[in-house]
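# Residue-level structural notes
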Amino acid sequence: MKKISFRNDVLPLKNELFRLALRITLNRAEAEDVVQETMIKVWNRRDRWNEIESIEAFCLTICRNISLDKMKKAENQNQSLERLRVGELSSGTESHDVPDSSYTSNPEEQAMQRDRIQLIRHLIDHLPEKQRSCMQLRDFEGKSYKEIAQVLGISEEQVKVNIFRARQTIKQKFIETEDYGL
């Protein structure tokens, strides 16, 4: 086994961990907290690093689990708060869409492009968690099916099925939304 260095092998994963956490929590501050907790957990388990086949998969798995735990905890708190105050909660999501002017020069086309991107992000954010995670790791992080299966603890076939279903759902809902009223 290769000797694992926190500085050279774990720290460079922080951006990838952040993107995964952000995709699950949908909140930048929460995602930053998740990455910090992940780094602490990985560091605290440094005595077992020589047993780990892939430090990247190990870190992504911890990050995913912490993110899901935070989401469940927030969901439980929101349900408790909703019982006290119905309708006073906000989602806490942030959107930092920057128009991509490389494809269009017309402000109307830029606005339409920005709206489409926002719609696709919204559709991805509302996928079931497993589909969203598989799609995030494959399409945005470029992970192999084997790596995704390792991180999520499912078979490669399940990864492929989840990615297929996620893409089909997004495609179908995007077409429905785009064709609405025509």
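Residues numbered from 1 in each chain as written. Predicted model: local features only at pLDDT ≥ 70, side-chain atom pairs only at ≥ 80, totals over all residues. Heavy atoms only, no water.

Another point: the confidence of the model for the chain. Averaged over the chain, the pLDDT score is 81; the fraction of residues at 70 or greater is 81%. Ranking the elements of the chain by mean pLDDT puts helix H4 (residues 55-84) last, at 77, and helix H3 (residues 28-44) first, at 93. Note that pLDDT drops below 50 for residues 81-104; the model gives that stretch 17 contacts with residues more than four away or on any other chain. (pLDDT = per-residue confidence, 0-100. Helix = DSSP H or I, 4+ residues; strand = E, 2+ residues; numbered from the N terminus. Contact = heavy atoms within 4.5 Å.)

This part takes up the nonpolar core. Residues Val-10, Leu-17, Trp-49 and Ile-55 are the most contacted members of the largest nonpolar core, which totals 33 residues. If you list the elements that add at least two residues to this core, you get helix H1 (6-10), helix H2 (14-25), H3, H4, helix H6 (129-140), helix H7 (145-152) and helix H8 (156-179). Ranked by residues supplied to this core, first place goes to H4 with eight residues. (Core = buried A, V, L, I, M, F, W, Y, C linked by side-chain atoms within 4.5 Å. Buried < 20%, exposed > 50% of the residue type's maximum accessible area, 1.4 Å probe, protein only.)

Attention now goes to the packing of H7 against H8. The contact between H7 and H8 brings their axes to 8 Å, and the two run at 100 degrees. With respect to their mutual orientation, H7 and H8 come out roughly perpendicular. Residues Tyr-145, Lys-146, Ile-148 and Ala-149 of H7 touch H8, and the partners they reach there are Glu-156, Val-159, Lys-160 and Ile-163. Grouping the constituent residues of the contact of H7 with H8 by class yields five nonpolar, no polar and three charged. (Axes fitted to C-alpha atoms, helices over the stretch in contact; angles between N-to-C directions. Parallel < 35°, antiparallel > 145°, perpendicular 65-115°, else oblique. Nonpolar A, V, L, I, M, F, W, Y, C, P; charged D, E, K, R; others polar.)

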